[in-house]
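Summary of the model geometry
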Amino acid sequence: QKEVEQNSGPLSVPEGAIASLNCTYSDRGSQSFFWYRQYSGKSPELIMSIYSNGDKEDGRFTAQLNKASQYVSLLIRDSQPSDSATYLCAVNQGGKLIFGQGTELSVKP
Amino acid sequence: DTGVSQNPRHKITKRGQNVTFRCDPISEHNRLYWYRQTLGQGPEFLTYFQNEAQLEKSRLLSDRFSAERPKGSFSTLEIQRTEQGDSAMYLCASSRRDSNTEAFFGQGTRLTVV
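All residue numbers refer to position in the chain's written sequence, counted from 1. Whichever chain is written first is A, and whichever ligand is written first is 1; the rest continue in order. Local features in this predicted model are restricted to residues whose pLDDT is 70 or higher, and side-chain atom pairs enter the listing and the counts only when it is 80 or higher, whereas totals over whole chains, interfaces and linings include all residues. Note: side-chain values were computed over all heavy atoms of the structure, leaving out hydrogens and water.

1. Focus on the sheet that holds strand S3 (residues 19-25) of chain A
Residue and element names in this part refer to chain A. As a reminder of what qualifies: Here the rule is simple: two strands pair whenever DSSP picks up at least two bridges between them. Under the scheme used here, helices are H or I runs from DSSP no shorter than 4 residues and strands are E runs no shorter than 2 residues, and both carry numbers assigned from the N terminus. To obtain an axis, a line is fitted to C-alpha atoms, over the contacting stretch when the element is a helix, and the angle between two such axes runs from 0 to 180 degrees between their N-to-C directions.
What the five strands build is an open sheet, ordered S1-S3-S8-S7-S6; its pairing is antiparallel. Strands with a single pairing partner mark the edges of an open sheet, and in this sheet they are strand S1 (4-6) and strand S6 (54-58). Averaged over all neighbouring strand pairs, the angle between strand axes comes to 20°, with direction disregarded. As paired elements, strand S7 (residues 61-66) and strand S8 (residues 71-76) share six bridges and run antiparallel to each other. The partner of Thr62 across the bridge, within S8, is Leu75.

Here you go:
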């Protein structure tokens, strides 16, 4: 079992729709969770962090955390073509970030 | 620019040569991380530092790889006797110790071994 798992996609959604990205992790001791966005050929950019169970909203982005189920998700409302990128889930394990393989999102105009 | 800076941005080298990359973290950040990323994969952890101390090195990391952070500021990653399988994007990130490891990445160094 991988430490952090994501569906690789691609996930395709129409412009204006909600995109839902999911991530599971194996280490029950993990306390910090992050979502990064990575455009092709660029480095990862931090977009959300979440530390407590429940939802955290920032603009069009909502991160959801369920530690009992070891599950993190990212919702993108009113998806735009500029949101087309790979979204990386990262989990803090022992002071370092462990990444999933990323989910490729494509938003169609 | 106060972000993480990596140099060079691109490096092409012949198999068997040694290469060295540099990372300058955000100035107030005392943690520094190195990752490697290949196409279609997430970043793979290599090693990280708290100030000048190397706290962890990936067990998967060959002994051809070495990293230093001599004064707790910039860091270097050296790959000796490069192989074609070392071709990847090498990413550096930094964070504060007390911010739940919210880490910020540099632009990366793309290594091509021919």
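2. Regarding the sheet that holds strand S7 (residues 65-68) of chain B
All names here are of chain B. Sheet architecture is open: four strands sit in the order S1-S3-S8-S7, paired in antiparallel fashion. Each end of this open sheet is capped by a strand with a single partner; those strands are strand S1 (5-7) and S7. Averaged over all neighbouring strand pairs, the angle between strand axes comes to 15°, with direction disregarded. Where S1 lies against strand S3 (residues 19-24), three bridges are found, and the strand directions are antiparallel. Bridging across to S3, Asn7 finds its partner in Arg22.

3. A closer look at the state of the cysteines
Among covalent bonds in proteins, the disulfide is the one between the sulfur atoms of two cysteines. Residue and element names in this part refer to chain A. For clarity, the cut-off: When two cysteine sulfur atoms lie within 2.5 Å, the pair is treated as a disulfide. Burial classes: relative accessible area under 20% of the type maximum marks a residue as buried, over 50% as exposed, and values in between as partly exposed (1.4 Å probe, protein chains only).
Under the definition given, this model contains two disulfides over all chains. Shown here is the disulfide that connects Cys23 with Cys89, its sulfur atoms set 2.1 Å apart. Because the torsion about its S-S bond is -70°, the bridge between Cys23 and Cys89 counts as left-handed. Of the two residues, Cys23 sits in strand S3 while Cys89 sits in strand S9 (residues 85-93), which places them 66 residues apart along the sequence. The exposure class assigned to Cys23 is buried, which follows from its relative accessible area of 1%.

4. Considering the interface of chain A and chain B
So the rule is basically this: The criterion used for residue contact is that any of the two residues' heavy atoms lie within 4.5 Å. Two parts placed together each lose some accessible area under a 1.4 Å probe, and adding up what both lose gives the buried area. In what follows, salt bridge is the name for a side-chain nitrogen of Lys or Arg lying within 4 Å of a carboxyl oxygen of Asp or Glu. Polar contacts here mean pairs of N or O atoms no more than 3.5 Å apart (in protein, one a potential hydrogen donor and the other a potential acceptor; neighbouring residues in sequence count only if both atoms are side-chain atoms).
On the side of chain B, 22 residues touch chain A, which itself brings 20 residues to the contact. Carbon and sulfur atoms make up 52% of the surface buried where chain A meets chain B, a total of about 1600 Å² over both sides. Scanning the region where chain A abuts chain B turns up one salt bridge. Residue Lys96(A) pairs with Glu56(B) through a salt bridge whose shortest N-O separation is 2.9 Å. Linking chain A with chain B are nine residue pairs in polar contact (both at pLDDT 80 or more). Listed by contribution, the elements that provide at least two residues to the side of chain A that touches chain B are strand S4 (33-38), strand S5 (45-50), S9 and strand S10 (96-99) of chain A.

5. Considerations on the layout of surface pockets
Put simply, the rule reads: Using a grid of 1 Å spacing that covers the protein atoms alone, one calls a set of points a cavity when a 1.4 Å probe fits there but cannot get out, and a pocket when the set is open and has protein on both sides within 12 Å along at least five of seven lines; lining residues are those with an atom within 4 Å of a point. Grid points are joined across faces, edges and corners, and a volume is the space filled by probe spheres set on the points.
The volume enclosed by the largest pocket comes to roughly 610 Å³. What lines the largest pocket is a set of 22 residues, and nearest its centre among them are Glu3(A), Ile98(A), Glu44(B), Phe45(B) and Leu60(B). Where the lining of the largest pocket is concerned, the elements lending two or more residues are S10 of chain A together with strand S4 (31-37), strand S5 (44-50) and strand S6 (53-57) of chain B. Top contributing element to the lining of the largest pocket by residue count: S10(A), with four residues.

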